[in-house]
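A structural walkthrough
The lines below spell out each chain.
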Amino acid sequence: MITYKANFFDVAKNVYFKKNSPVSLIHFLTNRCNARCSFCFIDFNNPNTFKGELTISEIEKLTKNLGNSLINVNFTGGEPFARKDITDIAKLYIKNSTIQSLYITTNASLPERIINFAKEINEYDKNIELCFQISIDDMPEKHNKVRKLDNLFENCLFTYRELKKLNKKNINPVVSITVTHENCENIEEIFHYFTDICKIDSLKCCLVRDEGVYSRPKSKIDKIIKAYDLLTNKILDYQKKNKIINYNSNSIQGRINNKKDRISWNLVKRIYSNNEYISPCHASSLFGIITADGKLYPCEILEDKMIGSLRDVNMDLMKLWNGQNNQDIKNHILSTKCKCTYECGLSFNILGNWRYQLNLLSGLLSKY
């Protein structure tokens, strides 16, 4: 089923015509993290960074006011599993909203919490798709050094394998490589080590971008995009050989997602290389960001365009979403031809834009 909790026609009408209700949200559960990645955008030196996390009771109110088209929530941080109540938070979203998938981006430094979470949430609702995006960016020693955590690579690989061993169709671990100035010069070696030596068969990638306190070294920008191009082509080649399986290519959703990834890769390369505007962005229309302290933004990039504070409206997200301030932000995004390489945003820009629909549907005729 494309949707099973939300009404399919309501979702389709919202995605293709009205665009007035979120389809996906990214919720920063916490800014706390036990790693200190060189390319992280969070300012860990600011004492205010860790203040004011939403409480479980506030999150309960939030989950009851998310509209009737929400089908996905993405938990991130910081390290989302730094919150010991993450399982309770997930259950609130499942119970009170129309989500059908839950994505969690994790550094996998807490394997037991992750595996127990997967088991408990799958038992709570076997229809919910759980995708664990495990961040590994380099060879073992270098990965541990860049993220400043001992044995992190080993914990990542252990977590990935244990989640695979659960053998549940709705529990999907995937390793994600962030292409940065740190790994761009040995990306092919990293890819083959992951796939051929470590036997990782679910692999994605994203491209580092200027954000928060992080800025790309200018001397490395060309090398970063070349490494990203090489890596995406390698992933596609291994998908065709069935050595990498990120989605179920026998399902409608799986084939469309494979095609969506290919479109997204090409968009990222064009925008990153040429600063090129290609198509409208649907931030603050189809997706948005909730910060750890309850601020609502259209995306991670527009840090000066806060839609509002959820605490000011008793956690009623839709009140902010339908307010005049958000309408002004939507107009700003369209009028300025706002563009970026934010992959999460691009996914919903592709799904909600008519110009990509024939290309997406062509995915039904071939696996890739």
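In short, a report on the structure. Since we're looking at a predicted model, the values are computed, not measured. (Residues numbered from 1 in each chain as written. Predicted model: local features only at pLDDT ≥ 70, side-chain atom pairs only at ≥ 80, totals over all residues. Heavy atoms only, no water.)

Comments concerning the sheet that holds strand E2 (residues 72-76)
Across the sheet, which stays open at both edges, the nine strands sit in the order E6-E5-E4-E3-E2-E1-E7-E8-E9 with mixed pairing between neighbours. Looking at the sheet topology across the chains shown, the edges are occupied by strand E6 (203-207) and strand E9 (308-309). Pairing analysis gives six bridges linking strand E3 (residues 101-106) to strand E4 (residues 129-135), with the strands arranged parallel. Pairing of Ser 101 across the sheet is with Glu 129, part of E4. (Pairing = 2+ DSSP bridges. Helix = DSSP H or I, 4+ residues; strand = E, 2+ residues; numbered from the N terminus.)

What about the nonpolar core?
Counting residues in each nonpolar core, the largest one holds 104 residues, and the members touching the most others are Phe 75, Tyr 93, Phe 117, Phe 132 and Leu 317. Counting residues per element, this core draws most heavily on helix H8 (residues 221-240), which supplies nine residues. When sequence neighbours within four positions are dropped, the list of residues in contact with Tyr 93 reads His 27, Ile 59, Leu 62, Thr 63, Leu 66, Val 73, Phe 75, Ile 99 and Ile 290. (Core = buried A, V, L, I, M, F, W, Y, C linked by side-chain atoms within 4.5 Å. Buried < 20%, exposed > 50% of the residue type's maximum accessible area, 1.4 Å probe, protein only. Contact = heavy atoms within 4.5 Å.)

So, the packing of helix H2 (residues 56-63) against helix H3 (residues 86-96)
H3 packs onto H2 with a crossing angle of 20° between their chain directions and a minimal axis gap of 9 Å. Relative to H3, the element H2 is oriented roughly parallel. Crossing hand, H2 versus H3: right-handed. Counting all contacts with H2, which are made through Ile 56, Ile 59, Glu 60, Leu 62 and Thr 63, the residues of H3 involved are Asp 88, Ile 89, Leu 92, Tyr 93 and Asn 96. Residue composition of the contact of H2 with H3, by class: six nonpolar, two polar and two charged. (Axes fitted to C-alpha atoms, helices over the stretch in contact; angles between N-to-C directions. Parallel < 35°, antiparallel > 145°, perpendicular 65-115°, else oblique. Left-handed = near helix turned anticlockwise from the far one by under 90°. Nonpolar A, V, L, I, M, F, W, Y, C, P; charged D, E, K, R; others polar.)

With respect to the side chain of Thr 159
Tracing the chain through its elements places Thr 159 in helix H6 (residues 152-165). On the basis of relative accessible area, Thr 159 is assigned to the buried category, the value being 0%. For Thr 159, the side chain forms a polar contact with the main-chain oxygen of Asn 155, separated by 2.7 Å. (Polar contact = N/O pair within 3.5 Å; in protein donor to acceptor, adjacent residues only side chain to side chain.)

Comments concerning the pairing of E3
Note: E2 against E3, four bridges, orientation parallel. In the strand pairing of E3, Asn 74 is matched with Tyr 103. You can see the chain leave E2, run along H3 and come back into E3, and the turn it takes is right-handed. Note on the crossover from E3 through helix H4 (residues 111-124) to E4: the handedness is right-handed. (Right-handed = clockwise from strand over helix to strand, strands pointing away.)

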